Amino acid sequence: MRMRVEQDVFVVRQLGREVARAVGMEQQDQTRLATALSEVARVVVAAGQAADVVFEAELDRVPRLRVTVLNPFPGGAAEMTPQLGQVGRLVDTLEVGDGETGTVVSMARRLPASAPRLTPERMDEIRAGLAQHVPGTPFDELSVQNQQLIAALDEVRAQRDDLARLNAELEETNRGVMALYNQLSQELEETNRGVVALYAELDEKSEQLRMASEAKSRFLANVSHELRAPVTAVIGLARLLNDPASEPLAGEQRRQVELISSSAGDLLTLVNDLLDLAKAEAGRIEPEWAEVDLRALFGQLRGTLRPLATRPEVEFVVEEPTVPSMPSDEVLLARVLRNLLTNAIKFTVEGSVRLAARAVDDDVEFTVADTGTGIPPELHERIFEEFYQVPRSRAITGKGTGLGLPYARRLVGILGGGLRVESEVGRGSTFTVRLPASRS
Ligand code: ADP
């Protein structure tokens, strides 16, 4: 289009909008481009110049509509650029330069992805449509511009309302989050206070428990110590009464004195066991560490316990230890093994009782295995409690005190190891003592 007089500013504006619409730009972009173009036209016409306006569709990777305004502006690009003001904000690119035939203003705006493809046929159609375009009067153009202004203002107001609503929502959410946070920190604080109080109570209780346990051990040690002398005296006196050198007793009297003697014997065993356990619990047993010759120890156990294993149906076997020696306390270790072997013999009617020792990792394991009555699984820990005896488990010899296993476990603990049991009712039991093979 060629532009000469003031009137043409409106025409060029209308044409700009028409072209923008024809190539698929959205309403707002049409207005932007038309406004930018009419501003350039206004500046050119105000300077008393004519101009050529060219519309081109650039179909590159990013399709664009380019508008070029060619005019002999006095003073060229340098004079014109400052007068264009904010036009650059309305389009994607705006370039003003000096060409051979005058000043060249070139501006472009991207087409939306939704725009229909600009095939050669479509271009012909657009050209034909534009050729028939009848320009409206400036009055028409003013009316269109007003409509557009109203639409733009409406949109701005709608956006402002949206923003206010979003802000209100955000504020509300923030308040909710703060309330939740406060509630959570309050709950956390309360829980913490509870936990701290619980710990304090726990500390207090365990201190009380420790004191009670100490008092119990002290009491047991004192009482059993005090009982030992009179019980020993009773045993001595009973023996004296029954001595052939003493005055003979009547049949019934002799039986009663024998009863006194055996009861006192049981009592002494109990008192001795109690004293041992109390000493172990009070930490009054200090092991005497030395290299223990296990072969010799096993030989000694074989000799002292064989007389107890009197039943021909029970084979009593002390295997050769595969570990020749280890650092330990010989007396305490012997006491533990003797205790376990005595139990095994007591609760085995037929089969075997077997003692063995072997190296396992960095430890030595002693096993006392029998084919006796066995222990129900739910009692595997209880038998290590003081005085606990498996109900209806009938020992073949002697009554027992129920103190042997807790004592044995204590001693093994003092020697730096552990004592455990595997057992099945009717099949037998295996007690395992695990001790470190060397002292670290
Ligand atoms: P005691 O043998 O003096 O009763 P212990 O503490 O040595 O006391 O043993 C506790 C109980 O564990 C025994 O009364 C018995 O019921 C059970 N028990 C221990 N060793 C065996 C075993 N080898 N076979 C079956 N039961 C056993």
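Undergrad: It is not clear to me how the overall build of the protein chain should be interpreted in this structure. Could you clarify?
TA: The secondary structure content of the protein chain amounts to nine helices and twelve strands. By the compact-globule yardstick of 22 Å for 440 residues, the protein chain is too spread out, its C-alpha radius of gyration being 55 Å. Its C-alpha atoms give the protein chain principal-axis dimensions of about 160 × 45 × 40 Å. Taking all 440 residues of the protein chain together, the buried fraction comes to 35%. Put simply, 68% of the contacts in the protein chain that link residues at least 6 apart link residues at least 24 apart. Counting every atom, the protein chain has about 26,700 Å² of accessible surface; 55% of that belongs to carbon and sulfur. Within the protein chain, the 66 negative side-chain charges are centred at a point lying 4 Å from the centre of the 50 positive side-chain charges.

Undergrad: Sorry if this is basic, but what is going on with the layout of surface pockets here?
TA: To find leftover empty space, a probe the size of one water molecule is rolled over the atoms. Taken as a whole, the largest pocket encloses approximately 1,100 Å³ of empty space. If you go around the largest pocket, you meet 39 residues; those closest to its centre are Asn343, Lys346, Gly400, Thr401 and Gly404. Only α6 (251-281), α8 (330-346), β10 (363-370), α9 (404-414) and β12 (428-436) provide two or more residues apiece to the lining of the largest pocket. At nine residues, the largest contribution of residues to the lining of the largest pocket is made by α8. In the lining of the largest pocket, the residues fall into 16 nonpolar, 15 polar and eight charged. Among the domains, domain 2 (138-284) and domain 3 (290-436) are the pair contributing at least three residues each to the lining of the largest pocket. Empty space within the second largest pocket amounts to approximately 470 Å³.

Undergrad: Where do I start with the domain arrangement of the protein chain in this structure?
TA: Interfaces are often sized by the accessible area lost when the parts come together. As far as domains go, the protein chain holds domain 1 (2-136), domain 2 (138-284) and domain 3 (290-436). Between domain 1 and domain 2, the C-alpha centre-to-centre distance is 85 Å. Buried area between domain 1 and domain 2, both sides added, is near 740 Å², and the carbon and sulfur share of it is 43%. Summed over the three residues of domain 1 that lose the most area to domain 2, namely Phe10, Arg13 and Arg17, the buried surface amounts to 48% of that side. Our count for the contact surface shared by domain 1 and domain 2 stands at two salt bridges. Here domain 1 is connected to domain 2 by four residue pairs in polar contact (both at pLDDT 80 or more). Of the residues that constitute the side of domain 1 that touches domain 2, the class distribution is one nonpolar, five polar and two charged.

Undergrad: What should I look at first to understand the pairing of strand β9 (residues 351-360) in this one?
TA: Residues in a regular strand project their side chains so that they alternate between the two faces of the sheet. In this structure, strand β7 (residues 314-318) lies alongside β9, joined through five bridges in parallel fashion. Bridging across to β9, Val317 finds its partner in Arg354. In this structure, β9 lies alongside β10, joined through eight bridges in antiparallel fashion. Across the sheet, Ala356 pairs through a bridge with Thr367, a residue of β10. The loop that links β9 with its antiparallel partner β10 comprises two residues; one of these, Asp361, has a positive phi angle of about 50 degrees.

Undergrad: Can you help me understand the pairing of strand β11 (residues 418-424) in this one?
TA: With burial as the criterion, only one face of β11 is covered, namely that bearing Leu419, Val421 and Ser423; the residues Gly418, Arg420, Glu422 and Glu424 on the opposite face remain uncovered. Pairing of β11 with β12, which is carried by seven bridges, proceeds in the antiparallel orientation. Directly across from Glu424, in β12, lies its bridge partner Gly428. Between β11 and β12, which pair antiparallel one after the other, the connecting turn spans three residues, and Gly426 there sits at a positive phi close to 85 degrees.

Undergrad: Explain the environment of Val317 here, please?
TA: In this fold, Val317 is placed in strand β7. Taking the C-alpha atoms as reference, Val317 lies 94 Å from Asp162; in sequence the two are 155 residues apart. Ignoring any residue separated from it by four or fewer positions in sequence, one finds Val317 in contact with Val353, Arg354 and Leu355.

Undergrad: How do you make sense of the environment of Gly374 when you look at a structure like this?
TA: By secondary structure assignment, the location of Gly374 is in the loop between β10 and α9. Each C-alpha atom of the pair Gly374 and Val390 lies 10.0 Å from the other, and the pair is 16 residues apart in sequence. Here Gly374 is in contact with Ser423, Glu424, Val425, Gly426, Gly428 and Ser429, once residues within four sequence places are set aside.

Undergrad: In this structure, what is going on with the site of the ligand? I would like to understand it.
TA: By nearness alone, 21 residues border the ligand, and Asn343, Asp370, Gln389, Thr401 and Leu405 come closest of all. Between an oxygen atom of the ligand and a side-chain N or O atom of Gln389, the distance comes to 2.6 Å. The backbone of Thr401 places a nitrogen or oxygen atom 2.9 Å from an oxygen atom of the ligand. The site holding the ligand turns out to be the largest pocket. Of all the secondary-structure elements, those providing two or more residues to the shell around the ligand are α8, α9 and β12. Taken together, the residues of the shell around the ligand sort by class into ten nonpolar, nine polar and two charged.

The rules behind each value
Residues numbered from 1 in each chain as written. Predicted model: local features only at pLDDT ≥ 70, side-chain atom pairs only at ≥ 80, totals over all residues. Heavy atoms only, no water. Helix = DSSP H or I, 4+ residues; strand = E, 2+ residues; numbered from the N terminus. Rg over C-alpha atoms; globule rule 2.2 N^0.38 Å. Buried < 20%, exposed > 50% of the residue type's maximum accessible area, 1.4 Å probe, protein only. Contact = heavy atoms within 4.5 Å. Areas by Shrake-Rupley, 256 points an atom, 1.4 Å probe, with all protein chains shown as cover. Lys, Arg positive; Asp, Glu negative; His and termini not counted. Charge placed at Lys NZ, Arg CZ, Asp CG, Glu CD. 1 Å grid on protein atoms, 1.4 Å probe; cavity = no way out; pocket = protein on both sides within 12 Å on 5 of 7 lines; lining within 4 Å. Points joined across faces, edges and corners; volume = space filled by probe spheres on them. Nonpolar A, V, L, I, M, F, W, Y, C, P; charged D, E, K, R; others polar. Domains from an automatic or database assignment. Buried area = accessible area lost by both parts, 1.4 Å probe. Salt bridge = Lys/Arg side-chain N within 4 Å of Asp/Glu carboxyl O. Polar contact = N/O pair within 3.5 Å; in protein donor to acceptor, adjacent residues only side chain to side chain. Pairing = 2+ DSSP bridges. Near = heavy atom within 4 Å. Sits in = over half its atoms within 2 Å of the grid points.

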